[in-house]
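What follows is the residue order along each chain.
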Amino acid sequence: MDAVRVALLREVLAGTGWPAATRRFAGALRSSVSAHGGGLLLVGTPDHEPWHLAAHLVDEAAWSGTPELSPTLVRHAARPDDPAHLAVGLGRLEAARRGETLLVVTPDEAGAPLLERVHDARRAGATVLALDADTAGGRELRAMAHDALTVPGDTDLDLDTVQHLVSAAAGENALPAPRSRRGFRDRLSRLADHLTAPPPARW
């Protein structure tokens, strides 16, 4: 999602609190990777690996001159013959250490194996951030996280849209969100086609 689409989306969401919430969480992410300099690990669930978010963070890292925002995508089904940027498996979480930041993105249940690895990474000193949908299993993940942003089930937003806002905000200085008088649902519907851009080719 390019800067124009992000600006339009923020206009749609003006007054809802989401532009401020995503900027706050993005600020926590950027502060963590900048302060510690140990690298950013990004992991999802077996059914939802956040490739698109990884690609956007790579772009934001380049555009903002903040290389530490470029994540290592940790995959549940990584294979040795995958391209290098897609070949990092869950074992990488076991090697997480103090100074690293782990961003966990879960649109569904995280599951015990992932939660155990997240817990171990936190015990080893990694900073844990959670970006999730409001599921019953998400409470355990959020309890482990140093900071979390949850998309409740009673909103018109989805986790993919929130990821766009977070990645964009992570690579920019905070700006005031533009205001609009249009109805929230009408504005969101008008921009729905802007939210389906495919990920960059390398992902």
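None of the values given here were measured: they were computed from a predicted structure.

Now for the overall build of the protein. Along the backbone of the protein there are 8 helices and 5 strands. Tracing the protein from N to C terminus, the helices and strands come up as α-α-β-α-β-α-β-α-β-α-β-α-α. Sorting the 203 residues of the protein into buried and exposed places 45% on the buried side. Put simply, 72% of the contacts in the protein that link residues at least 6 apart link residues at least 24 apart. Surface summary for the protein: the accessible area is close to 9600 Å², and the carbon and sulfur share equals 51%.

On to the pairing of strand β4 (residues 127-133), then. Side-chain direction in a regular strand flips from residue to residue, so the side chains alternate between the two faces of the sheet. For β4, a buried count of 7 out of 7 residues is recorded, marking the element as mostly surrounded by other parts of the structure. By the bridge criterion, 6 bridges tie strand β3 (residues 101-106) to β4 in an arrangement that is parallel. Within β4, the residue paired with L103 across the bridge is L129. The handedness of the β3 to β4 crossover, carried by helix α5 (residues 112-123), is right-handed.

At a minimum axis separation of 11 Å, helix α1 (residues 3-12) and helix α7 (residues 159-170) run at an interaxial angle of 115°. As α1 packs across α7, the resulting crossing turns out to be left-handed. Contact residues: α1 offers V6, L9 and R10, while α7 offers T161, L165, A168 and A169. Considering only residue class, the contact of α1 with α7 consists of 5 nonpolar, 1 polar and 1 charged.

Right, let's talk about the pairing of strand β2 (residues 71-74) for a bit. Sheet analysis places strand β1 (residues 40-43) next to β2, joined by 4 bridges and oriented parallel. Across the sheet, V43 pairs through a bridge with V74, a residue of β2. Each parallel crossover has a hand, and the one from β1 via helix α3 (residues 51-64) to β2 is right-handed.

So, on to the pattern of salt bridges. Per the stated rule, a full pass over the model turns up 12 salt bridges. With a shortest N-O distance of 4.0 Å, E172 and R23 are connected by a salt bridge. Pair noted here: E172 is in the loop between α7 and α8 (184-190) and R23 is in helix α2 (residues 18-36), with a separation of 149 residues, a long-range link. One salt bridge in this structure joins D132 and R142, with 2.3 Å as the shortest N-O distance. Here R142 lies in helix α6 (residues 138-144) and D132 lies in strand β4, a separation of 10 residues in the sequence. Ionic contacts of the salt-bridge type, sharing partners, join the residues E49, R75, R79, D81 and D82 into one network.

Time to look at the nonpolar core. Soluble globular proteins tend to pack their nonpolar side chains together in the buried interior. In this structure, L29, L103, L131 and V162 are the most contacted members of the largest nonpolar core, which totals 32 residues. Counting residues per element, the ones that place at least two in this core are α1, α2, β1, α3, β3, β4, β5 (147-151) and α7. Top contributing element to this core by residue count: α7, with 7 residues. Filtering out sequence-adjacent residues up to four positions away, L131 remains in contact with F25, L103, V104, V105, T106, L149, L159, V162 and Q163. If you look at the next biggest cluster of nonpolar residues, it comprises 19 residues, including V74, L90, L114 and L141.

In any sheet, the strands associate via hydrogen bonds between backbone groups, in a parallel or an antiparallel arrangement. Strand order across the open sheet formed by 5 strands is β2-β1-β3-β4-β5, with parallel pairing between neighbours. Among the strands making up the open sheet, the edge pair consists of β2 and β5. When the angles between neighbouring strand axes are averaged without regard to direction, this sheet yields 15°. Contacting β1, β3 and β4, α5 crosses the sheet at an angle of about 160° to β3. Packing against the sheet, α7 makes contact with β3, β4 and β5, and its axis sits at approximately 140° to β4.

Reading guide: rules and limits
- Residues numbered from 1 in each chain as written.
- Predicted model: local features only at pLDDT ≥ 70, side-chain atom pairs only at ≥ 80, totals over all residues.
- Heavy atoms only, no water.
- Helix = DSSP H or I, 4+ residues; strand = E, 2+ residues; numbered from the N terminus.
- Buried < 20%, exposed > 50% of the residue type's maximum accessible area, 1.4 Å probe, protein only.
- Contact = heavy atoms within 4.5 Å.
- Areas by Shrake-Rupley, 256 points an atom, 1.4 Å probe, with all protein chains shown as cover.
- Pairing = 2+ DSSP bridges.
- Right-handed = clockwise from strand over helix to strand, strands pointing away.
- Axes fitted to C-alpha atoms, helices over the stretch in contact; angles between N-to-C directions.
- Left-handed = near helix turned anticlockwise from the far one by under 90°.
- Nonpolar A, V, L, I, M, F, W, Y, C, P; charged D, E, K, R; others polar.
- Salt bridge = Lys/Arg side-chain N within 4 Å of Asp/Glu carboxyl O.
- Core = buried A, V, L, I, M, F, W, Y, C linked by side-chain atoms within 4.5 Å.

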